[in-house]
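# What the coordinates show
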Amino acid sequence: MISDPIEFELFKNALFGIADEMALTVFRTTYSGVLKDNMDYSTALFDGDGVLVAQGLTLPGHLGSMPTAIAAVKQAFAGQIDPGDVFILNDPFQGGMHLPDVFIFKPIFRPGEDKGPIAWGCAVCHQTDVGGRVPGSNASDSTEIYQEGLRIPPLKFYERGQRNETLFSLIEKNVRVPVKVFGDLRAQLAACHIAEQAVIELAAHYGTETLSSYMTELVDYAERMTRAALRDLPEGVYDFLDHIDDDGIDVGKPIPLKVTITKSGDAIAVDWTGSAPQVKGAINNTLSYTKSASYCAIRSILPQNIPTNEGVFRAITVTAPQGTIANMVLPGACAARGLTGFRMVDCMFGALAKMLPDQVFAASDGGNTGVSIGGYYADRSPFIYVDFTCCAWGARPYADGLDGNSHIYANMASQPIEVTETEQPLQIIAYEFIRDAMGPGKFRGGAPFRREYRLLAEEAVLQVRSDRRDFRPFGLYGGGAGQPSMNYLNPDQNSELLPSKLTMTMRRGDLFRHEVAGGGGWGDPLDRDPALVLRDVLNDFVSECAAREDYGVVLEGKPLAVDTAATAELRQQMRTRRKWDEVPVYTRGDALAAD
């Protein structure tokens, strides 16, 4: 136990500050838009034994997977870890998640000592391209891992400070944009170097033994706090069934996601039994990524002051049968597995809403949508644009969902239009909120946006990973479902909908439009403050028609104002017509009835 709590608090903040500085180093030094703008990367520190001690800024999806990745490195190189080594991997079947997410691990040694690492630094980044059949290596219609790109098992990227020239050459010859890939890998190396310098300074200040004991105590402290918080939650078994529209191969065939959460004492068990068998399309999860989604949802209902590290995970058991979409086996494809991970978080919220109805929010946009556009300039040099879009939170029990804000599982930002148009042969025609797309409720869902991309090159491959077309974001406790996502090519000439998941060719002048699904609502829409409805109408989030039909709010006059008497009368008529015996827990939209 720690005898000086003030010193321990300072140490804790110093360690998390290092992890954050690693993330900022990637942000400052990286090359590709998917990192410097979307911020699809994560950083962390481990103790000398490979236990996750401190997570940096950015993505929960990466961070919960890191213990599995470092365990694969330690197993592959037991007894062969030396000062100056740097390890790399991306193989989903040996510690990774999907091929574009490349892990870099650096063991940190005390200068002049070779007694084993005192810590590890890690940075994982989504690379713009890792080869494979399509630019961006992220297609949802691949059917086996061998189509998706270069698989890197745990290997030494540097050995005792010397580059692995064979591996560098192999990567260079298998990716379409090596300048960006190696620039981003160098950003990861820089982040780990920052971690090394800072940890060595901490070791000099505290001593190696105290550093080790404080790291151990920090993890144990997080576990104690987590278990104490879990003891206060209601006991019981809570489940939820949701569906992904399809896998992009068997179009129109819904894919069930089933979760059962068992809260007992100071622990929670999350079981994904009942979810679909492994699918043909590339939306299968590794178990590590399923764990990440589960950890993220549970962490969101715990007190904010708990340090997020492996101590939190110790109180949460996650299981999924092998050979399912939640725990794939060879030769499963997984390039677009992010879609399933995001949907799993919302599925978790569906179950947790039964446990904590006053804390859990409705389904978000179902993100994140992945859009990749890749091809060649006239001189045959390649371009690849990779964008991830998620922008609408589900409504909360106490407030509207956030508008234009990333899903809780992502913490991603949108890429600036000016940068996109400068760096890629693309023109962004529209980037705007969609009216009437959010689920109505006492608190409405977050507003999503549409984006339109016009191709200025001769030809490109477009790949899109989206969902929530048939199974819309669910509302909670009377709140309505959000509107579905939509894909179009040249909508002014052709109004026909494209599939939610696709790979196709674009020609010069073609315009691709994607509309994100709206967040689900929370609570009875007829209980929403009419003044808030009026504000949404004036801000063009809600039409006058939807104000009347969804919220029972009558607006009259110029300038518009709420007709209080007509609103009260209309709302009473609507309550009488709908004949609710009790408020529905879920409202799912068109594919499934309210239940």
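Residues numbered from 1 in each chain as written. Predicted model: local features only at pLDDT ≥ 70, side-chain atom pairs only at ≥ 80, totals over all residues. Heavy atoms only, no water.

The full count for this structure, using the stated rule, is 27 aromatic pairs. Seen from their ring centres, tyrosine 431 and phenylalanine 449 are 4.8 Å apart, and the 85° between their planes marks the pair as edge-to-face. Residue tyrosine 431 is located in strand E14 (residues 426–433), and its partner phenylalanine 449 is located in strand E15 (residues 449–455); the two are separated by 18 residues in the primary sequence. Judged by relative accessible area, tyrosine 431 falls into the partly exposed class, the value being 37%. By way of ring pairs, the aromatic residues Phe8, Phe11, Tyr206, Tyr214 and Tyr221 are connected into one cluster. For arginine 451, the ring lying beneath its charged end belongs to tyrosine 431, and the centroid distance is 4.3 Å. Positioned above the aromatic ring of tryptophan 580, the side-chain terminus of arginine 578 is 3.7 Å from the ring centre. (Phe/Tyr/Trp six-rings, centres within 6.5 Å; stacked < 30°, edge-to-face > 60°. Helix = DSSP H or I, 4+ residues; strand = E, 2+ residues; numbered from the N terminus. Buried < 20%, exposed > 50% of the residue type's maximum accessible area, 1.4 Å probe, protein only. Lys NZ or Arg CZ within 6 Å of the ring centre and 35° of its normal.)

Our next topic: the pairing of strand E16 (residues 459–465). For E16, a buried count of five out of seven residues is recorded, marking the element as mostly surrounded by other parts of the structure. Strand direction decides the pairing type here: strand E12 (residues 369–376) and E16, joined by six bridges, are antiparallel. When the bridges of E16 are listed, glycine 370 appears paired with arginine 465. By the bridge criterion, seven bridges tie E16 to strand E19 (residues 501–507) in an arrangement that is antiparallel. By the bridge assignment, glutamate 459 is partnered in E19 with arginine 507. (Pairing = 2+ DSSP bridges.)

Right, let's get into unusual backbone geometry. Between leucine 330 and proline 331 the backbone carries a cis peptide bond, its omega angle lying at 0°. You can see proline 331 is positioned in the loop between strand E11 (316–319) and helix H10 (338–355). The amide bond that connects lysine 558 to the next residue, proline 559, takes the cis arrangement and shows omega of 0°. With respect to the helices and strands, proline 559 occurs in the loop between strand E21 (555–556) and strand E22 (561–562). One non-glycine residue, serine 137, lies in positive phi territory at about 55°. Looking at the secondary structure, you find serine 137 in the loop between strand E5 (119–126) and strand E6 (155–159). Its identity is not glycine, yet aspartate 436 carries a phi of approximately 65°, on the positive side. With respect to the secondary-structure elements, aspartate 436 resides in the loop between E14 and E15.

In short, the description is geometric, and any link to function would need to be established separately.
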